[in-house]
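Fold and geometry: a report
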Amino acid sequence: MKKGVVGMVAVLMIAITVSACKDQMAIREYMNSERTVHDTVYIDSFIVEKHDTVFVDAQWLRRVFETTQWKTWTNYKDSFSVDYPACMKRNPNDAERNLHVEYHGVTMVVTTYDDAEEMSVQEKYDAISMGAATKSIADSSFLMAGSAAGEKLYFEKDYKVNSKTWMYIRVEFHRELTWDVDPLLQYVRRYELKRVE
């Protein structure tokens, strides 16, 4: 009797799986390229399984970035804040002036630093944008995009915080995820320096 029930459950699960696969015609296929995320599963404090390779469903990831809540990170030393998707995990070792968050191989960093000498936005733009594939400049900021390490792409916005202090927001992602992470890229593109008291 038990074997019959188990068999029926197995057949039912196979039927549901086949049906679900057919119903996903509107969903893009899983991407062909692999990405390493080093995701370790823990059960009762013992390492059970290590996953090195994952495939990310494009529409699922896009939906996550479209629907997630946002959190605010504040750099109190330099008096500005930046929002980031709540789904992205923060690096616990972030310094006071820097933020690093990650989700399924997509990273977002905010870095604040001081130059030895004062530079105009145009001078800074000319100095660091040479290797960018695309770039544009505004009054107090500029945008850059291009290739990053690990066969990734980057999209970055640099801001002049004060006379010698600069900050940038940078998103790094695999080329295949460009459409998926567009909500995050649009946030970076539209970001205006949010001053805090």
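Computed from a predicted model, the values in this text were never measured in an experiment. (Residues numbered from 1 in each chain as written. Predicted model: local features only at pLDDT ≥ 70, side-chain atom pairs only at ≥ 80, totals over all residues. Heavy atoms only, no water.)

Here we look at the packing of aromatic side chains
- On inspection of all chains with the given rule, the structure shows eight aromatic pairs.
- Residues tryptophan 70 and tyrosine 187 carry aromatic rings whose centres are separated by 4.9 Å and whose planes lie at 40 degrees to one another, so their mutual orientation is tilted. Here tryptophan 70 is found in strand β3 (residues 70-75), whereas its partner tyrosine 187 is found in helix α4 (residues 182-190), with 117 residues between them in sequence.
- Both rings, one in tyrosine 125 and one in phenylalanine 142, keep their centres 5.4 Å apart while their planes meet at 75 degrees; by these two values the pair is edge-to-face. On the criterion of sequence distance, the pair formed by tyrosine 125 in helix α3 (residues 121-128) and phenylalanine 142 in strand β9 (residues 141-148) is long-range, its members being 17 residues apart. Of the two residues examined, tyrosine 125 and phenylalanine 142, each falls in the buried class.
- Ring-pair connections join several aromatic residues into one group, and the members of that group are Trp70, Tyr159, Tyr187 and Tyr191.
- The ring of tryptophan 179 has arginine 62 lying over it, and the distance from NZ or CZ to the ring centre is 4.7 Å.
- For arginine 170, the ring lying beneath its charged end belongs to tyrosine 154, and the centroid distance is 3.9 Å. (Phe/Tyr/Trp six-rings, centres within 6.5 Å; stacked < 30°, edge-to-face > 60°. Helix = DSSP H or I, 4+ residues; strand = E, 2+ residues; numbered from the N terminus. Buried < 20%, exposed > 50% of the residue type's maximum accessible area, 1.4 Å probe, protein only. Lys NZ or Arg CZ within 6 Å of the ring centre and 35° of its normal.)

Things to note about the sheet that holds strand β5 (residues 89-90)
- Strand order in the open sheet formed by seven strands is β5-β6-β7-β11-β10-β9-β8, and the pairing between neighbours is antiparallel. Edge positions in the sheet fall to β5 and β8 (134-137), since each of these pairs with one other strand and no more.
- Relative to strand β10 (residues 152-160), β9 runs antiparallel, the two being bridged by eight bridges. Paired with leucine 143 across the two strands is lysine 157, which belongs to β10.
- Along the sheet face, α3 touches β7 (106-114), β8, β9, β10 and β11 (165-174) and points at about 10 degrees away from the line of β9. (Pairing = 2+ DSSP bridges. Contact = heavy atoms within 4.5 Å. Axes fitted to C-alpha atoms, helices over the stretch in contact; angles between N-to-C directions.)

Quick look at helix α2 (residues 58-67)
- Along α2, the residues classified as buried are Ala58, Leu61, Arg62, Val64 and Phe65. With its buried residues spanning 155 degrees around the axis, α2 presents them on a single face.
- On its buried face, α2 is in contact with β4 (80-85), β6 (99-103), β7 and α4. (Arc of directions from axis to C-beta.)

So, unusual backbone geometry
- In this structure, serine 79 takes a positive phi of about 60 degrees despite not being glycine.
- Along the chain, serine 79 falls in the loop between β3 and β4.

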